Each structure stands twice: as C-alpha cells, then as structure tokens.
Amino acid sequence: MNFTFKKLVFKSGKEQLLIEFSPKSDILSSFVEGEVLSFGKEILSLVEEAIQKESTTSFAGNSCIAKIDKEYVRIESQMNESFCILKTEEFTQIIHAYLKELGISNSFDNIVSLN
C-alpha cells in the first residue's frame, strides 16, 4: 500500500498532516490522522506486545478500534461498518513514517523497530 503526506494549512496558520493511501482507505487515514497522532506510543507498544507474546491485543481510540496480532491488524470504525486489514509489519511502517513526518519519531525509535 502506497501513501503520501499532505499538509493542510488553516487560515489561523495551524497545520494538520494528512495521509492519503493508494488504494484509497478512508478508515486507515482516519486512524493514522486521529488515533496515531494522539496515541502513537501506546499503539506501538501494543504492536510490540502482540508480536512478542504472539497474541492479539486491541486498541480502542476515539473513532476507531484496532485489533492487532503478530501477522495482521484490523482497523474498524466505531461510527459505521467500515474496516481494513493490513499486515502488522506494514501497519508499523506506516505509523513510524507518520510520526517521522511529524518530527516526533525519535521518541519512538526503540519501540517495534523492524530494521
């Protein structure tokens, strides 16, 4: 899954980092822009737990739920029936890329590094 970043600049001068996926995935964009922005470290810790313990963990955020296991992550909307499934490795790479683009990745580098 490919993605690009765009900055949305409001009249007030405040900026918001958007992520767009190809193929399009509104639920994944919502998850990254909302939940990862607010709870990035906690989500990465849950991914690490799922990988190390080979179990399923869950994260319930403001608008989405993530069910995480060693192989796959399922993102579900709490507002409607939309969902997406992607590999845990790809999910982790997306989170790290988004946090890096925000300029705050250094504080998370020791959590779930895939290198």
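Just above sits the structure.
These numbers were taken from a predicted model, which means no experiment stands behind them. Position labels on residues start from 1 in each chain and follow its written sequence. Predicted model: local features are reported for residues with pLDDT of at least 70 only, side-chain atom pairs are reported and counted for 80 or more only, and whole-chain, interface and lining totals are derived from all residues. Excluded from the side-chain calculations are hydrogens and water; all other atoms, namely the structure's heavy atoms, are used.

J.: Explain the nonpolar core here, please?
T.: Leu28, Phe31, Val32, Val36, Ile75 and Phe91 are the most contacted members of the largest nonpolar core, which totals 26 residues. Numbering of helices and strands starts at the N terminus; helices are DSSP runs of H or I of at least 4 residues and strands are runs of E of at least 2. Listing elements by their share of this core, those giving two or more residues are β2 (15–22), α1 (26–53), β4 (64–68), β5 (72–77), β6 (83–87) and α2 (88–102). With residues up to four places along the chain from it excluded, the contact list for valine 32 reads Ile19, Phe21, Leu37, Ile94 and Tyr98. Throughout this description, the term nonpolar core refers to a set of buried Ala, Val, Leu, Ile, Met, Phe, Trp, Tyr and Cys residues connected via side-chain atoms within 4.5 Å. Relative accessibility thresholds used throughout: buried, under 20% of the residue-type maximum; exposed, over 50%; partly exposed, between the two (1.4 Å probe, protein chains only). The contact rule is simple, with two residues in contact once any of their heavy atoms fall within 4.5 Å.

J.: I would appreciate a short explanation of the side chain of serine 29 in the present structure.
T.: With respect to the secondary-structure elements, serine 29 resides in helix α1. What makes serine 29 buried here is its relative accessible area of 10%. Residues within four places of serine 29 in sequence aside, it is in contact with Ile19, Glu20 and Phe21.

J.: Before we go on, may I ask you to explain the sheet that holds β6 in this structure?
T.: Think of a sheet as strands paired side by side through backbone hydrogen bonds, with each pair either parallel or antiparallel. An order of β3-β4-β5-β6 is seen for the four strands of this open sheet, with the pairing classed as antiparallel. Only two strands of the sheet have a single neighbouring strand rather than two, namely β3 (57–60) and β6. Ignoring which end each strand starts from, the neighbouring axes of this sheet average 15° apart. Lines fitted to the C-alpha atoms define the axes, with helices restricted to the stretch that makes contact. Angles between their N-to-C directions range from 0 to 180 degrees. Sheet strands in contact with α1 are β3, β4, β5 and β6, and its direction is about 145° off that of β3. At least two bridges found by DSSP between two strands are what make those strands a pair.

J.: Is there a simple way to think about α1 in this case?
T.: An α-helical turn contains 3.6 residues, so any two residues separated by three or four positions project in the same direction. Expected span of a helix: the number of residues minus one, times 1.5 Å. Spanning 28 residues, α1 covers only 30 Å between terminal C-alpha atoms, well under the ideal 40 Å at 1.5 Å per step. Two axes are fitted around each residue, one to the seven residues ending there and one to the seven starting there, and the angle between them is reported as the bend at that residue. Along α1, the helix axis deviates most sharply at phenylalanine 39, where the bend reaches about 90°. Where α1 terminates, the next one or two residues include glutamate 54, which has phi positive at roughly 50°.

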